[in-house]
Amino acid sequence: MILFASTIVEKDGKVLLTHRSNTGYHDGKYALPGGHINEGETLKEAARRETLEEVGVRVEDLDLAHVIHINGEDDELVGFIFKANSWDGEPRNMEPDKCDEVAWYGFDELPENTAPYARLAVQETRAGRLYSELHWA
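A brief report on the enclosed structure follows. Counting from 1, residues in each chain are numbered in the order their sequence is written. Note on the predicted model: pLDDT of at least 70 is required for a residue's local features to be given, and 80 or more for side-chain atom pairs to be given and counted; whole-chain, interface and lining totals, by contrast, use all residues. Hydrogens and waters are ignored; side-chain quantities use all the structure's heavy atoms.

Regarding the sheet that holds strand E7 (residues 62-71)
Let me state the cut-off plainly: Criterion used throughout: strands pair if DSSP finds at least two bridges between them. Secondary structure is summarised from DSSP: a helix means a run of H or I of at least four residues, a strand means a run of E of at least two, and numbering begins at the N terminus for each. Angular values range over 0 to 180 degrees, each being the angle between N-to-C directions of two axes fitted as lines to C-alpha atoms, with helices fitted over their stretch in contact.
Across the sheet, 5 strands lie side by side as E5-E1-E8-E7-E11; this open sheet has mixed pairing. The sheet is open, and its two edges are formed by strand E5 (34-36) and strand E11 (131-134), each paired on a single side. For this sheet the average axis-to-axis angle between neighbouring strands, irrespective of direction, equals 20°. Pairing analysis gives 3 bridges linking strand E1 (residues 2-8) to E5, with the strands arranged antiparallel. In the sheet register, Ala5 faces E5, and the bridge partner there is Gly35.

Overview of the nonpolar core
Note the following rule: Think of a nonpolar core as a cluster: buried Ala, Val, Leu, Ile, Met, Phe, Trp, Tyr and Cys residues, connected wherever their side-chain atoms sit within 4.5 Å. Throughout, exposure labels follow a simple rule: accessible area from a 1.4 Å probe, protein chains only, divided by the maximum for the residue type, with under 20% read as buried, over 50% as exposed, and the rest as partly exposed. Note on contacts: a residue pair qualifies if any of its non-hydrogen atoms lie within 4.5 Å across the two residues.
Counting residues in each nonpolar core, the largest one holds 20 residues, and the members touching the most others are Phe4, Val15, Leu32, Ile68, Ile70 and Tyr117. For this core, the elements supplying multiple residues, two or more each, are E1, strand E3 (14-20), strand E4 (30-31), E7, strand E8 (76-84) and helix H2 (116-126). In terms of residue count, H2 provides more of this core than any other element does, 5 residues in total. Not counting residues within four places of it along the chain, the set of residues in contact with Tyr117 comprises Phe4, Tyr25, His26, Ala31, Leu32, Ile68, Ile70 and Leu134.

A closer look at the side chain of Ser6
Along the chain, the position of Ser6 falls in strand E1. Discounting chain neighbours no more than four positions away, the residues touching Ser6 are Leu32, Pro33, Gly34, Ala47, Phe80, Ile81 and Phe82.

Right under this line is the structure:
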């Protein structure tokens with residue numbers, strides 16, 4: 001089972017998304033800043049680290065917003081989605097080898113090619129639901 005942490009960074013009713021490329025996972029799709037949790041790292045530490053590494057935004061005040069259990073092609077994944085209550089920095093692409101765009105999108109206007117887990121996590125978070133499952137029979 002793979003654990004990952006992602007962050008919902010919000011501004012003016014929009015969410016910050018990255019457009020993945022050259023990663024081997026959801027390439028060509030939009031996703032929330034996030035990634036795998038390292039050994040010895042807390043969930044919040046992983047969310048903070050990944051957000052800073054990917055989009056140059058420093059987040060300190062995080063709340064758990066959603067948990068998503070995914071039946072993936074090769075493995076099960078559990079994602080912990082945090083909401084940044086406050087953040088510092090100007091979002092920018094910090095990993096051009098893994099991402100070709102960082103952009104703001106309205107919560108109700110996510111791109112058609114948003115990764116299914118990211119779309120579901122955003123929708124369920126907005127609806128106030130803490131847990132969802134994806135790709136289970």
